[in-house]
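# Structure at a glance
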Amino acid sequence: MFDARKLLEQFLGSQVPGVGGSVRDRAGDAVQMAKDNPWKAGALATALLGTKTGRSIAGNALTIGGLAAIAGLGYQAYKNYQAGQAPATPSDAPPPKTAVLPPPAESGFGAASPAQSNEFVLVLIRAMIAAAKADGHIDDGERALILDKLKAAEVSGEAAAFIERELSQPTDIDALVAAAVTEEQRVELYTASRLTIEPDSRAERGYLDLLAGRLGLPDALVDHIEATVSSAKVSL
């Protein structure tokens, strides 16, 4: 089995290979590189998340790395929800320089939690790919382009076969939901899915609503996740 954490870091890592700097600082350069020369794009953020389905993701969350970004955002939203706070609005979102901190070890989102296992990290990647496919944008042509970019990012072997399989197969939402056993895992699964897309189509919004419902997440908790993730994303 390949290292799922490493693959997730390539999806959501703090550095974009080939251009340098954080994703926030250099997202535009990376995406332009992908458009100009997809064989040398060298970043999964531009291979999948840089498509229409993905948008760009702000550097604040990503400065702490892929899995820690998902766990940190999920923990922040969950903590605010449990405290009975109202979800943040754009006017009171954290300022751009505010870092997302890793969750405490004992929080259920920390390093020793089931949500940090290699098996569940694979589930998170599956969830991200499923979300990226939600609006039907990834057709055969787009899938071929993504696979070309994977080669340029030096993703090969089991990891590349895993992504190709997930892109080709229909989404199994039952399997995704069943894999999230704890409430923290359910929060992280939805957080990873929401990070992947900006739901500006009915299909994308409908997919996220279906996922939240199947995961049994309360509406108020979903609102907190939405607000927390929105504050960590930027538009290209």
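Definitions and cut-offs
Residues numbered from 1 in each chain as written. Predicted model: local features only at pLDDT ≥ 70, side-chain atom pairs only at ≥ 80, totals over all residues. Heavy atoms only, no water. Helix = DSSP H or I, 4+ residues; strand = E, 2+ residues; numbered from the N terminus. Contact = heavy atoms within 4.5 Å. Areas by Shrake-Rupley, 256 points an atom, 1.4 Å probe, with all protein chains shown as cover. Core = buried A, V, L, I, M, F, W, Y, C linked by side-chain atoms within 4.5 Å. Buried < 20%, exposed > 50% of the residue type's maximum accessible area, 1.4 Å probe, protein only. Salt bridge = Lys/Arg side-chain N within 4 Å of Asp/Glu carboxyl O. pLDDT = per-residue confidence, 0-100.

## What about the overall build of the protein chain?
- A count of helices and strands for the protein chain gives 12 helices and two strands.
- Mapped from its N terminus to its C terminus, the protein chain presents α and β elements in the order α-α-α-β-α-α-α-α-α-α-α-α-α-β.
- Counting only contacts in the protein chain whose residues sit at least 6 apart along the sequence, the fraction spanning at least 24 positions is 82%.
- A total of about 10,400 Å² of accessible surface is found on the protein chain, and carbon and sulfur atoms cover 52% of it.

## So, the nonpolar core
- In terms of nonpolar packing, the biggest core is built from 56 residues, with Leu 189 and Tyr 190 touching the most fellow members.
- Looking at this core element by element, the count peaks at 12 residues for helix α6 (residues 118–132).
- Ignoring sequence-local partners within four residues, the contact set of Tyr 190 consists of Arg 205, Leu 208, Leu 211, Ala 212, Leu 215, Leu 217, Val 222, Ile 225 and Glu 226.

## Brief notes about the pattern of salt bridges
- Summed over the entire model, instances satisfying the criterion amount to six salt bridges.
- A salt bridge links Arg 126 to Glu 166, with the shortest nitrogen-to-oxygen separation between them at 3.1 Å. One end of the pair, Arg 126, is in helix α6; the other, Glu 166, is in helix α8 (residues 157–168), and 40 residues separate them in sequence.
- Its salt-bridge partner being Glu 198, residue Arg 194 comes within 3.3 Å of it at the nearest N-O pair.
- Overall, the relative accessible area of 2% leaves Arg 194 in the buried class.
- Connected through shared salt-bridge partners, Arg 194, Glu 198, Arg 205, Asp 209 and Glu 226 make up one network.

## Some points on the confidence of the model for the protein chain
- The pLDDT averaged across the protein chain works out to 74; a share of 69% of its residues lies at or above 70.
- Helix α9 (residues 173–179) holds the highest mean pLDDT among the elements of the protein chain, 96, whereas helix α4 (residues 59–62) holds the lowest, 42.
- Under a pLDDT of 50 for its full length, residues 37–43 has, in the predicted model, 21 contacts with residues more than four places off or in other chains.
- Scored below 50 in pLDDT, residues 93–98 shows seven contacts in the model against residues more than four places distant or in partner chains.

## Thoughts on the environment of Phe 162
- Examined against the element boundaries, Phe 162 turns out to sit in helix α8.
- Judged by relative accessible area, Phe 162 falls into the buried class, the value being 2%.
- Considering only alpha carbons, one finds Phe 162 and Phe 2, 160 residues apart in sequence, at a separation of 9.5 Å.
- Setting aside residues no more than four positions away along its own chain, Phe 162 makes contact with Phe 2, Leu 7, Leu 122, Ile 125 and Arg 126.

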